[in-house]
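Examining the three-dimensional arrangement
Below, each chain spelled out in residue letters.
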Amino acid sequence: MASGIHRLSDRQIKAHKQRGRLSDGGGLYLQVSTWGTKSWEFRFTLHGKTRTMGLGQYELVPLKKAREEAEALRQLVREGNDPIEARNAAKLKAQIEASTSILFKDAVEKCIARKEGEFRSDRHRKNWRRSMDAYAVPVIGDMNVAHVTTQDILRVLNQPVDDGTLWENRTETASRLRGRIENVLSWATVAGFRSGDNPARWMGNLKELLPTPSKVAKVTKQPALSQADLPKWFADMRKRDGMAARALEFLTLCASRSGEIRGATWQEIDLDARMWKIPGARMKMERDHRVPLSDAAIAVLEALPRIEGSDYVFPAVRGGALSDAALSAVMRRMHAAELKAGRKGWLDPDSGLPAVPHGLRSTFRVWTAERGYDHHMSEMALAHNVGSTVERAYQRSDMVERRRAMMADWAGYCRGEATADNVVQLHAGAV
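Residues numbered from 1 in each chain as written. Predicted model: local features only at pLDDT ≥ 70, side-chain atom pairs only at ≥ 80, totals over all residues. Heavy atoms only, no water.

**Some points on the sheet that holds strand S9 (residues 289-292)**
Overall, antiparallel pairing links the three strands, which are arranged S7-S8-S9 in an open sheet. In the strand order of this sheet, the two ends are held by strand S7 (269-270) and S9, each with one partner. Here strand S8 (residues 275-278) pairs with S9 via four bridges, running antiparallel. Bridge pairing links Met275 to Pro292 in S9. (Pairing = 2+ DSSP bridges. Helix = DSSP H or I, 4+ residues; strand = E, 2+ residues; numbered from the N terminus.)

Rendered as C-alpha coordinates:
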(Lines give C-alpha, C1' and ligand atoms only; values in the text may rest on other atoms or scores of the structure.)
Protein backbone atom coordinates (compact mmCIF):
# COMPACT_ATOMS: atom_id res chain seq x y z
CA MET A 1 0.00 0.00 0.00
CA ALA A 2 1.44 3.37 -1.00
CA SER A 3 2.04 5.89 1.79
CA GLY A 4 -0.53 8.60 2.20
CA ILE A 5 -3.55 6.83 0.61
CA HIS A 6 -6.39 4.64 1.88
CA ARG A 7 -6.77 6.72 5.02
CA LEU A 8 -10.51 6.19 5.50
CA SER A 9 -12.58 3.23 6.66
CA ASP A 10 -16.24 2.41 6.09
CA ARG A 11 -16.85 2.69 9.82
CA GLN A 12 -15.34 6.16 9.90
CA ILE A 13 -17.30 7.27 6.85
CA LYS A 14 -20.64 6.07 8.23
CA ALA A 15 -20.00 7.74 11.59
CA HIS A 16 -19.00 11.12 10.12
CA LYS A 17 -21.88 13.64 10.07
CA GLN A 18 -20.10 17.02 9.93
CA ARG A 19 -20.21 19.01 6.71
CA GLY A 20 -16.88 19.09 4.86
CA ARG A 21 -14.39 16.98 2.94
CA LEU A 22 -12.53 13.87 4.12
CA SER A 23 -9.37 12.79 2.27
CA ASP A 24 -8.61 9.16 1.46
CA GLY A 25 -5.34 10.24 -0.12
CA GLY A 26 -4.17 10.26 -3.71
CA GLY A 27 -6.74 12.84 -4.74
CA LEU A 28 -9.80 10.88 -3.55
CA TYR A 29 -12.14 12.79 -1.24
CA LEU A 30 -15.46 12.14 0.45
CA GLN A 31 -17.66 15.27 0.32
CA VAL A 32 -20.27 15.56 3.10
CA SER A 33 -23.09 18.05 2.46
CA THR A 34 -25.08 20.18 4.92
CA TRP A 35 -27.88 17.60 4.71
CA GLY A 36 -25.55 14.71 5.52
CA THR A 37 -25.38 13.22 2.03
CA LYS A 38 -21.98 11.82 1.11
CA SER A 39 -20.36 11.66 -2.33
CA TRP A 40 -16.94 10.99 -3.84
CA GLU A 41 -14.69 13.46 -5.64
CA PHE A 42 -11.40 13.04 -7.40
CA ARG A 43 -9.06 16.04 -7.55
CA PHE A 44 -6.08 16.15 -9.87
CA THR A 45 -3.62 18.65 -11.30
CA LEU A 46 -2.64 18.51 -14.95
CA HIS A 47 -0.63 21.09 -16.89
CA GLY A 48 -0.70 23.37 -13.85
CA LYS A 49 -4.51 23.30 -13.62
CA THR A 50 -6.42 21.63 -10.76
CA ARG A 51 -9.81 20.10 -11.53
CA THR A 52 -12.43 18.18 -9.55
CA MET A 53 -14.35 15.19 -10.90
CA GLY A 54 -17.43 13.62 -9.24
CA LEU A 55 -17.47 9.83 -8.83
CA GLY A 56 -20.96 9.30 -7.39
CA GLN A 57 -22.70 8.98 -4.05
CA TYR A 58 -21.22 6.84 -1.29
CA GLU A 59 -24.45 4.78 -1.08
CA LEU A 60 -23.98 3.79 -4.72
CA VAL A 61 -20.19 3.69 -4.90
CA PRO A 62 -18.66 1.90 -1.89
CA LEU A 63 -15.18 2.71 -0.60
CA LYS A 64 -13.47 -0.17 -2.41
CA LYS A 65 -15.01 0.75 -5.74
CA ALA A 66 -14.14 4.45 -5.29
CA ARG A 67 -10.51 3.55 -4.63
CA GLU A 68 -10.38 1.37 -7.77
CA GLU A 69 -11.77 4.19 -9.89
CA ALA A 70 -9.37 6.72 -8.30
CA GLU A 71 -6.38 4.51 -9.14
CA ALA A 72 -7.51 4.22 -12.78
CA LEU A 73 -7.88 8.00 -12.93
CA ARG A 74 -4.44 8.57 -11.39
CA GLN A 75 -2.99 6.38 -14.12
CA LEU A 76 -4.66 8.55 -16.76
CA VAL A 77 -3.14 11.66 -15.20
CA ARG A 78 0.31 10.03 -15.08
CA GLU A 79 -0.05 9.38 -18.82
CA GLY A 80 -0.88 13.03 -19.39
CA ASN A 81 -4.60 12.54 -20.02
CA ASP A 82 -7.41 14.59 -18.52
CA PRO A 83 -9.88 12.19 -16.80
CA ILE A 84 -12.81 14.61 -17.26
CA GLU A 85 -12.19 14.99 -20.96
CA ALA A 86 -11.71 11.22 -21.29
CA ARG A 87 -15.06 10.60 -19.58
CA ASN A 88 -16.84 13.17 -21.77
CA ALA A 89 -15.32 11.58 -24.89
CA ALA A 90 -16.49 8.13 -23.73
CA LYS A 91 -20.03 9.43 -23.16
CA LEU A 92 -20.09 11.02 -26.60
CA LYS A 93 -18.84 7.80 -28.20
CA ALA A 94 -21.54 5.82 -26.38
CA GLN A 95 -24.20 8.26 -27.57
CA ILE A 96 -23.00 8.00 -31.15
CA GLU A 97 -22.90 4.19 -30.97
CA ALA A 98 -26.40 4.13 -29.47
CA SER A 99 -27.75 6.23 -32.32
CA THR A 100 -26.05 4.07 -34.97
CA SER A 101 -26.57 0.61 -33.47
CA ILE A 102 -29.40 -1.88 -33.60
CA LEU A 103 -30.01 -5.31 -32.08
CA PHE A 104 -30.29 -8.22 -34.47
CA LYS A 105 -33.90 -8.93 -33.47
CA ASP A 106 -34.84 -5.31 -34.25
CA ALA A 107 -32.96 -5.50 -37.54
CA VAL A 108 -35.10 -8.53 -38.43
CA GLU A 109 -38.25 -6.45 -37.90
CA LYS A 110 -36.98 -3.60 -40.03
CA CYS A 111 -35.70 -5.90 -42.75
CA ILE A 112 -39.03 -7.72 -42.98
CA ALA A 113 -40.86 -4.40 -43.20
CA ARG A 114 -38.47 -3.31 -45.96
CA LYS A 115 -39.01 -6.57 -47.88
CA GLU A 116 -42.80 -6.53 -47.50
CA GLY A 117 -43.37 -6.05 -51.21
CA GLU A 118 -40.86 -8.75 -52.15
CA PHE A 119 -42.56 -11.67 -50.40
CA ARG A 120 -44.29 -13.97 -52.87
CA SER A 121 -47.20 -14.51 -50.50
CA ASP A 122 -48.34 -14.09 -46.93
CA ARG A 123 -47.21 -17.65 -46.31
CA HIS A 124 -43.72 -16.79 -47.56
CA ARG A 125 -43.56 -13.83 -45.18
CA LYS A 126 -44.75 -15.93 -42.23
CA ASN A 127 -42.27 -18.73 -42.98
CA TRP A 128 -39.46 -16.16 -43.23
CA ARG A 129 -40.40 -14.71 -39.86
CA ARG A 130 -41.10 -18.06 -38.20
CA SER A 131 -37.66 -19.48 -38.98
CA MET A 132 -35.93 -16.37 -37.64
CA ASP A 133 -37.96 -16.39 -34.42
CA ALA A 134 -37.44 -20.12 -33.90
CA TYR A 135 -33.72 -20.41 -34.56
CA ALA A 136 -31.86 -17.10 -35.03
CA VAL A 137 -33.40 -14.65 -32.56
CA PRO A 138 -33.00 -16.91 -29.47
CA VAL A 139 -29.25 -17.18 -30.20
CA ILE A 140 -28.20 -13.76 -31.55
CA GLY A 141 -31.34 -11.65 -31.18
CA ASP A 142 -29.92 -9.47 -28.39
CA MET A 143 -26.59 -8.86 -30.14
CA ASN A 144 -25.67 -5.60 -31.80
CA VAL A 145 -25.63 -6.42 -35.52
CA ALA A 146 -22.25 -4.68 -35.76
CA HIS A 147 -20.78 -7.35 -33.47
CA VAL A 148 -22.21 -10.45 -35.19
CA THR A 149 -19.39 -12.66 -36.49
CA THR A 150 -19.09 -15.84 -38.51
CA GLN A 151 -18.74 -17.78 -35.26
CA ASP A 152 -22.12 -16.41 -34.13
CA ILE A 153 -23.72 -17.61 -37.38
CA LEU A 154 -22.19 -21.03 -36.80
CA ARG A 155 -23.72 -21.05 -33.30
CA VAL A 156 -27.12 -20.57 -34.93
CA LEU A 157 -26.66 -23.18 -37.66
CA ASN A 158 -25.04 -25.76 -35.38
CA GLN A 159 -27.48 -25.46 -32.47
CA PRO A 160 -28.69 -28.84 -31.13
CA VAL A 161 -31.79 -30.26 -32.85
CA ASP A 162 -33.09 -33.85 -32.86
CA ASP A 163 -29.94 -35.47 -31.42
CA GLY A 164 -27.79 -33.58 -33.90
CA THR A 165 -27.40 -30.06 -35.25
CA LEU A 166 -29.80 -27.88 -37.17
CA TRP A 167 -27.50 -28.01 -40.22
CA GLU A 168 -27.32 -31.81 -40.12
CA ASN A 169 -30.91 -32.73 -39.26
CA ARG A 170 -32.93 -29.90 -40.79
CA THR A 171 -30.63 -28.96 -43.63
CA GLU A 172 -33.19 -27.34 -45.91
CA THR A 173 -34.51 -25.18 -43.07
CA ALA A 174 -30.98 -24.28 -41.96
CA SER A 175 -29.92 -23.38 -45.50
CA ARG A 176 -32.89 -21.06 -45.94
CA LEU A 177 -32.26 -19.59 -42.51
CA ARG A 178 -28.65 -18.81 -43.43
CA GLY A 179 -29.81 -16.91 -46.50
CA ARG A 180 -32.34 -14.95 -44.47
CA ILE A 181 -29.74 -13.99 -41.86
CA GLU A 182 -27.49 -12.87 -44.71
CA ASN A 183 -30.33 -10.66 -45.98
CA VAL A 184 -30.81 -9.07 -42.54
CA LEU A 185 -27.10 -8.35 -42.14
CA SER A 186 -26.90 -6.98 -45.70
CA TRP A 187 -29.74 -4.62 -44.88
CA ALA A 188 -27.95 -3.59 -41.65
CA THR A 189 -24.77 -2.82 -43.60
CA VAL A 190 -26.54 -0.69 -46.18
CA ALA A 191 -28.47 1.07 -43.40
CA GLY A 192 -25.19 2.01 -41.70
CA PHE A 193 -25.47 -0.27 -38.66
CA ARG A 194 -22.47 -2.46 -39.49
CA SER A 195 -19.51 -2.59 -41.86
CA GLY A 196 -17.25 -5.20 -43.40
CA ASP A 197 -17.98 -8.59 -44.92
CA ASN A 198 -21.25 -10.38 -44.31
CA PRO A 199 -20.52 -13.25 -41.85
CA ALA A 200 -23.54 -15.22 -43.09
CA ARG A 201 -22.44 -15.37 -46.74
CA TRP A 202 -21.88 -18.87 -48.15
CA MET A 203 -19.21 -18.59 -50.84
CA GLY A 204 -15.71 -18.07 -49.49
CA ASN A 205 -16.96 -18.17 -45.92
CA LEU A 206 -19.43 -20.67 -44.44
CA LYS A 207 -18.87 -23.00 -47.40
CA GLU A 208 -15.41 -23.66 -45.99
CA LEU A 209 -16.77 -24.39 -42.50
CA LEU A 210 -19.95 -26.39 -43.13
CA PRO A 211 -20.65 -29.47 -45.25
CA THR A 212 -22.50 -28.78 -48.49
CA PRO A 213 -26.29 -29.06 -47.91
CA SER A 214 -26.64 -31.74 -50.60
CA LYS A 215 -24.13 -33.90 -48.71
CA VAL A 216 -25.92 -33.84 -45.37
CA ALA A 217 -29.60 -33.38 -46.26
CA LYS A 218 -31.56 -36.37 -45.09
CA VAL A 219 -34.32 -37.34 -47.52
CA THR A 220 -37.05 -39.13 -45.59
CA LYS A 221 -39.46 -41.14 -47.70
CA GLN A 222 -43.00 -41.22 -46.38
CA PRO A 223 -44.32 -44.82 -46.17
CA ALA A 224 -46.41 -45.48 -49.29
CA LEU A 225 -48.74 -48.19 -50.55
CA SER A 226 -47.61 -50.45 -53.35
CA GLN A 227 -49.44 -50.18 -56.66
CA ALA A 228 -50.80 -53.69 -56.17
CA ASP A 229 -52.33 -52.79 -52.79
CA LEU A 230 -53.78 -49.42 -53.78
CA PRO A 231 -57.09 -50.56 -55.40
CA LYS A 232 -57.85 -52.90 -52.48
CA TRP A 233 -56.96 -50.22 -49.95
CA PHE A 234 -59.05 -47.64 -51.82
CA ALA A 235 -62.10 -49.94 -51.85
CA ASP A 236 -61.67 -50.54 -48.10
CA MET A 237 -61.34 -46.80 -47.45
CA ARG A 238 -64.50 -45.96 -49.44
CA LYS A 239 -66.53 -48.19 -47.09
CA ARG A 240 -65.65 -45.96 -44.16
CA ASP A 241 -67.90 -43.14 -43.05
CA GLY A 242 -66.90 -39.71 -41.85
CA MET A 243 -65.56 -36.45 -43.22
CA ALA A 244 -61.93 -37.50 -42.70
CA ALA A 245 -62.46 -40.61 -44.85
CA ARG A 246 -63.99 -38.49 -47.63
CA ALA A 247 -61.11 -36.05 -47.41
CA LEU A 248 -58.66 -38.96 -47.68
CA GLU A 249 -60.57 -40.28 -50.71
CA PHE A 250 -60.39 -36.87 -52.41
CA LEU A 251 -56.70 -36.56 -51.48
CA THR A 252 -55.98 -39.88 -53.18
CA LEU A 253 -57.90 -39.02 -56.36
CA CYS A 254 -56.19 -35.63 -56.66
CA ALA A 255 -52.71 -36.75 -55.48
CA SER A 256 -52.68 -33.65 -53.29
CA ARG A 257 -51.03 -32.79 -50.00
CA SER A 258 -53.01 -33.10 -46.77
CA GLY A 259 -52.88 -29.34 -46.08
CA GLU A 260 -54.22 -28.52 -49.54
CA ILE A 261 -57.18 -30.87 -49.01
CA ARG A 262 -57.96 -29.80 -45.45
CA GLY A 263 -57.82 -26.11 -46.33
CA ALA A 264 -59.93 -26.43 -49.49
CA THR A 265 -62.94 -24.08 -49.67
CA TRP A 266 -65.98 -24.19 -51.92
CA GLN A 267 -64.86 -20.91 -53.51
CA GLU A 268 -61.88 -22.78 -54.95
CA ILE A 269 -64.07 -25.46 -56.56
CA ASP A 270 -65.71 -24.97 -59.98
CA LEU A 271 -67.96 -27.97 -60.48
CA ASP A 272 -69.08 -26.84 -63.92
CA ALA A 273 -65.52 -26.45 -65.18
CA ARG A 274 -64.53 -29.54 -63.18
CA MET A 275 -61.58 -27.67 -61.75
CA TRP A 276 -60.07 -26.98 -58.34
CA LYS A 277 -57.97 -23.81 -58.22
CA ILE A 278 -55.70 -23.63 -55.16
CA PRO A 279 -54.26 -20.16 -54.45
CA GLY A 280 -50.50 -19.85 -54.12
CA ALA A 281 -50.82 -18.73 -50.50
CA ARG A 282 -51.84 -22.31 -49.61
CA MET A 283 -49.27 -24.09 -51.77
CA LYS A 284 -45.82 -25.29 -50.70
CA MET A 285 -44.28 -23.79 -53.85
CA GLU A 286 -46.27 -20.60 -53.21
CA ARG A 287 -47.82 -20.39 -56.65
CA ASP A 288 -51.38 -21.04 -57.88
CA HIS A 289 -52.14 -24.64 -58.75
CA ARG A 290 -54.98 -26.09 -60.84
CA VAL A 291 -56.27 -29.62 -60.29
CA PRO A 292 -58.49 -31.11 -63.02
CA LEU A 293 -61.24 -33.09 -61.30
CA SER A 294 -62.09 -36.61 -62.47
CA ASP A 295 -65.62 -38.01 -62.41
CA ALA A 296 -64.75 -39.84 -59.21
CA ALA A 297 -63.50 -36.64 -57.55
CA ILE A 298 -66.63 -34.75 -58.64
CA ALA A 299 -68.76 -37.54 -57.17
CA VAL A 300 -67.04 -37.16 -53.81
CA LEU A 301 -67.72 -33.41 -53.80
CA GLU A 302 -71.34 -33.70 -54.89
CA ALA A 303 -72.08 -36.17 -52.10
CA LEU A 304 -70.71 -33.89 -49.40
CA PRO A 305 -73.07 -31.91 -47.15
CA ARG A 306 -72.75 -28.13 -47.14
CA ILE A 307 -72.21 -26.98 -43.56
CA GLU A 308 -73.86 -23.67 -42.76
CA GLY A 309 -71.36 -21.08 -41.61
CA SER A 310 -68.34 -22.99 -42.96
CA ASP A 311 -66.59 -22.46 -46.29
CA TYR A 312 -64.46 -25.56 -45.89
CA VAL A 313 -65.13 -28.46 -48.25
CA PHE A 314 -64.12 -30.91 -45.53
CA PRO A 315 -64.97 -29.17 -42.23
CA ALA A 316 -64.24 -30.60 -38.81
CA VAL A 317 -67.17 -31.60 -36.59
CA ARG A 318 -66.70 -28.57 -34.34
CA GLY A 319 -66.06 -26.17 -37.20
CA GLY A 320 -62.86 -25.08 -38.84
CA ALA A 321 -60.59 -27.27 -40.90
CA LEU A 322 -59.84 -30.93 -40.27
CA SER A 323 -56.55 -31.63 -38.54
CA ASP A 324 -53.77 -33.54 -40.26
CA ALA A 325 -54.13 -36.15 -37.54
CA ALA A 326 -57.71 -36.86 -38.65
CA LEU A 327 -56.61 -38.20 -42.05
CA SER A 328 -53.71 -40.11 -40.55
CA ALA A 329 -56.09 -41.66 -38.01
CA VAL A 330 -58.24 -43.13 -40.81
CA MET A 331 -55.22 -44.91 -42.27
CA ARG A 332 -54.10 -46.13 -38.85
CA ARG A 333 -57.53 -47.59 -38.15
CA MET A 334 -57.58 -49.29 -41.55
CA HIS A 335 -54.16 -50.81 -40.88
CA ALA A 336 -55.19 -51.95 -37.40
CA ALA A 337 -58.31 -53.61 -38.81
CA GLU A 338 -56.19 -55.55 -41.30
CA LEU A 339 -53.88 -56.74 -38.55
CA LYS A 340 -56.83 -57.78 -36.42
CA ALA A 341 -58.14 -59.82 -39.34
CA GLY A 342 -54.84 -61.67 -39.50
CA ARG A 343 -53.52 -59.93 -42.61
CA LYS A 344 -50.24 -58.03 -43.05
CA GLY A 345 -51.84 -54.59 -43.05
CA TRP A 346 -51.27 -51.67 -45.40
CA LEU A 347 -47.49 -51.48 -45.51
CA ASP A 348 -44.78 -49.74 -47.50
CA PRO A 349 -43.11 -52.57 -49.46
CA ASP A 350 -39.62 -51.09 -48.95
CA SER A 351 -39.61 -49.94 -45.32
CA GLY A 352 -42.29 -52.28 -43.98
CA LEU A 353 -43.89 -49.32 -42.17
CA PRO A 354 -47.63 -48.57 -42.23
CA ALA A 355 -48.52 -46.28 -45.14
CA VAL A 356 -49.43 -42.64 -44.40
CA PRO A 357 -51.51 -40.08 -46.35
CA HIS A 358 -48.52 -38.25 -47.83
CA GLY A 359 -47.15 -41.57 -49.12
CA LEU A 360 -50.12 -41.82 -51.48
CA ARG A 361 -48.45 -39.14 -53.60
CA SER A 362 -45.43 -41.42 -53.98
CA THR A 363 -47.74 -44.25 -55.07
CA PHE A 364 -49.21 -41.92 -57.70
CA ARG A 365 -45.74 -40.90 -58.90
CA VAL A 366 -44.65 -44.51 -59.33
CA TRP A 367 -47.92 -45.29 -61.12
CA THR A 368 -47.43 -42.44 -63.63
CA ALA A 369 -43.90 -43.67 -64.36
CA GLU A 370 -45.15 -47.21 -64.91
CA ARG A 371 -47.93 -45.95 -67.17
CA GLY A 372 -45.42 -44.01 -69.24
CA TYR A 373 -46.83 -40.57 -68.53
CA ASP A 374 -44.63 -37.57 -69.24
CA HIS A 375 -42.36 -36.81 -66.27
CA HIS A 376 -43.06 -33.07 -66.34
CA MET A 377 -46.80 -33.66 -66.45
CA SER A 378 -46.82 -35.95 -63.42
CA GLU A 379 -44.57 -33.54 -61.51
CA MET A 380 -46.97 -30.71 -62.31
CA ALA A 381 -49.84 -32.83 -60.97
CA LEU A 382 -47.90 -33.09 -57.71
CA ALA A 383 -47.26 -29.30 -57.75
CA HIS A 384 -43.50 -29.81 -57.81
CA ASN A 385 -41.00 -27.50 -59.45
CA VAL A 386 -40.29 -28.75 -62.96
CA GLY A 387 -36.95 -28.21 -64.68
CA SER A 388 -34.41 -25.48 -64.05
CA THR A 389 -35.21 -21.88 -63.18
CA VAL A 390 -34.75 -20.92 -66.84
CA GLU A 391 -36.96 -23.78 -68.04
CA ARG A 392 -39.70 -22.77 -65.59
CA ALA A 393 -39.50 -19.17 -66.82
CA TYR A 394 -40.33 -20.34 -70.34
CA GLN A 395 -42.85 -22.98 -69.28
CA ARG A 396 -46.08 -21.01 -69.37
CA SER A 397 -48.47 -23.98 -69.59
CA ASP A 398 -49.43 -26.19 -66.66
CA MET A 399 -50.70 -28.91 -69.06
CA VAL A 400 -53.96 -28.93 -67.17
CA GLU A 401 -56.09 -30.45 -69.94
CA ARG A 402 -53.49 -33.09 -70.69
CA ARG A 403 -53.37 -33.81 -66.97
CA ARG A 404 -57.15 -34.23 -66.93
CA ALA A 405 -56.91 -37.49 -68.87
CA MET A 406 -54.11 -38.69 -66.62
CA MET A 407 -56.13 -38.00 -63.45
CA ALA A 408 -59.17 -39.80 -64.94
CA ASP A 409 -56.94 -42.79 -65.66
CA TRP A 410 -55.57 -42.63 -62.10
CA ALA A 411 -59.09 -42.50 -60.65
CA GLY A 412 -59.99 -45.57 -62.67
CA TYR A 413 -56.99 -47.41 -61.32
CA CYS A 414 -57.84 -46.41 -57.73
CA ARG A 415 -61.39 -47.69 -58.17
CA GLY A 416 -60.19 -51.01 -59.57
CA GLU A 417 -61.24 -50.26 -63.14
CA ALA A 418 -57.65 -50.81 -64.35
CA THR A 419 -54.79 -52.95 -63.07
CA ALA A 420 -51.04 -52.64 -62.94
CA ASP A 421 -50.88 -55.10 -65.87
CA ASN A 422 -52.71 -52.65 -68.13
CA VAL A 423 -49.63 -50.53 -68.63
CA VAL A 424 -49.60 -48.45 -71.79
CA GLN A 425 -46.16 -47.10 -72.64
CA LEU A 426 -46.66 -43.55 -73.87
CA HIS A 427 -43.97 -41.31 -75.27
CA ALA A 428 -43.81 -37.77 -73.89
CA GLY A 429 -45.00 -36.29 -77.16
CA ALA A 430 -47.96 -38.62 -77.40
CA VAL A 431 -49.48 -37.78 -74.03
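There is more to say, and it comes next.
**Description of the side chain of Arg361**
As for its position among the elements, Arg361 is in helix H15 (residues 359-371). Buried and unpaired, Arg361 has no salt bridge, with Glu260 as the nearest side chain of opposite charge at 4.8 Å. Looking at Arg361, its side chain comes within polar contact range of the main-chain oxygen of Ala255, at 2.8 Å. Beyond its immediate sequence surroundings of up to four residues, Arg361 is in contact with Ala255, Ser256, Arg257, Leu382 and His384. (Buried < 20%, exposed > 50% of the residue type's maximum accessible area, 1.4 Å probe, protein only. Lys, Arg positive; Asp, Glu negative; His and termini not counted. Salt bridge = Lys/Arg side-chain N within 4 Å of Asp/Glu carboxyl O. Polar contact = N/O pair within 3.5 Å; in protein donor to acceptor, adjacent residues only side chain to side chain. Contact = heavy atoms within 4.5 Å.)

**Details of helix H13 (residues 295-302)**
Turning to H13, its buried residues are Ala296, Ala297, Ile298, Val300 and Leu301. In this structure, the buried residues of H13 make contact with helix H11 (243-254), S7 and helix H18 (400-414).

**Considerations on the nonpolar core**
Core analysis: the largest hydrophobic core is formed by 55 residues, its most contacted members being Trp233, Phe250, Trp276, Leu293, Leu301, Phe314 and Phe364. Breaking this core down by element, the ones donating at least two residues are helix H10 (230-238), H11, S8, H13, helix H14 (324-340), H15, helix H16 (375-381) and H18. At eight residues, H11 tops the list of elements feeding residues into this core. Core analysis: the next-biggest nonpolar cluster, separate from the first, contains 35 residues, Phe104, Tyr135, Leu154 and Leu177 among them. (Core = buried A, V, L, I, M, F, W, Y, C linked by side-chain atoms within 4.5 Å.)

**Description of the environment of Met53**
With respect to the helices and strands, the residue Met53 is situated in strand S4 (residues 49-57). With 132 residues separating them along the chain, Met53 and Leu185 place their C-alpha atoms 41 Å apart. In this view, Met53 contacts Trp40, Glu41, Phe42, Leu73, Pro83, Ile84 and Arg87; residues no more than four positions away in its chain are not counted.

**With respect to unusual backbone geometry**
Only a minority of non-glycine residues have a phi that is not negative, and only a minority of peptide bonds are not trans. With a phi angle near 55°, Ala255 is a residue other than glycine that sits in the positive phi range. Position of Ala255 among the secondary structure elements: in the loop between H11 and helix H12 (258-262). Phi is positive for Ala383, which is not a glycine, with a value near 60°. Take Ala383: it is sitting in the loop between H16 and helix H17 (389-394).

**Focus on the packing of helix H5 (residues 122-140) against helix H8 (residues 171-190)**
Contact geometry of H5 with H8 gives a least axis separation of 10 Å together with a crossing angle of 95°. Relative to H8, the element H5 is oriented roughly perpendicular. Between H5 and H8, the residues in contact are Asn127, Trp128, Ser131, Met132, Tyr135 and Ala136 and Thr173, Leu177, Arg180, Ile181, Asn183 and Val184, respectively. Across the contact of H5 with H8, the residue classes tally to seven nonpolar, four polar and one charged. (Axes fitted to C-alpha atoms, helices over the stretch in contact; angles between N-to-C directions. Parallel < 35°, antiparallel > 145°, perpendicular 65-115°, else oblique. Nonpolar A, V, L, I, M, F, W, Y, C, P; charged D, E, K, R; others polar.)

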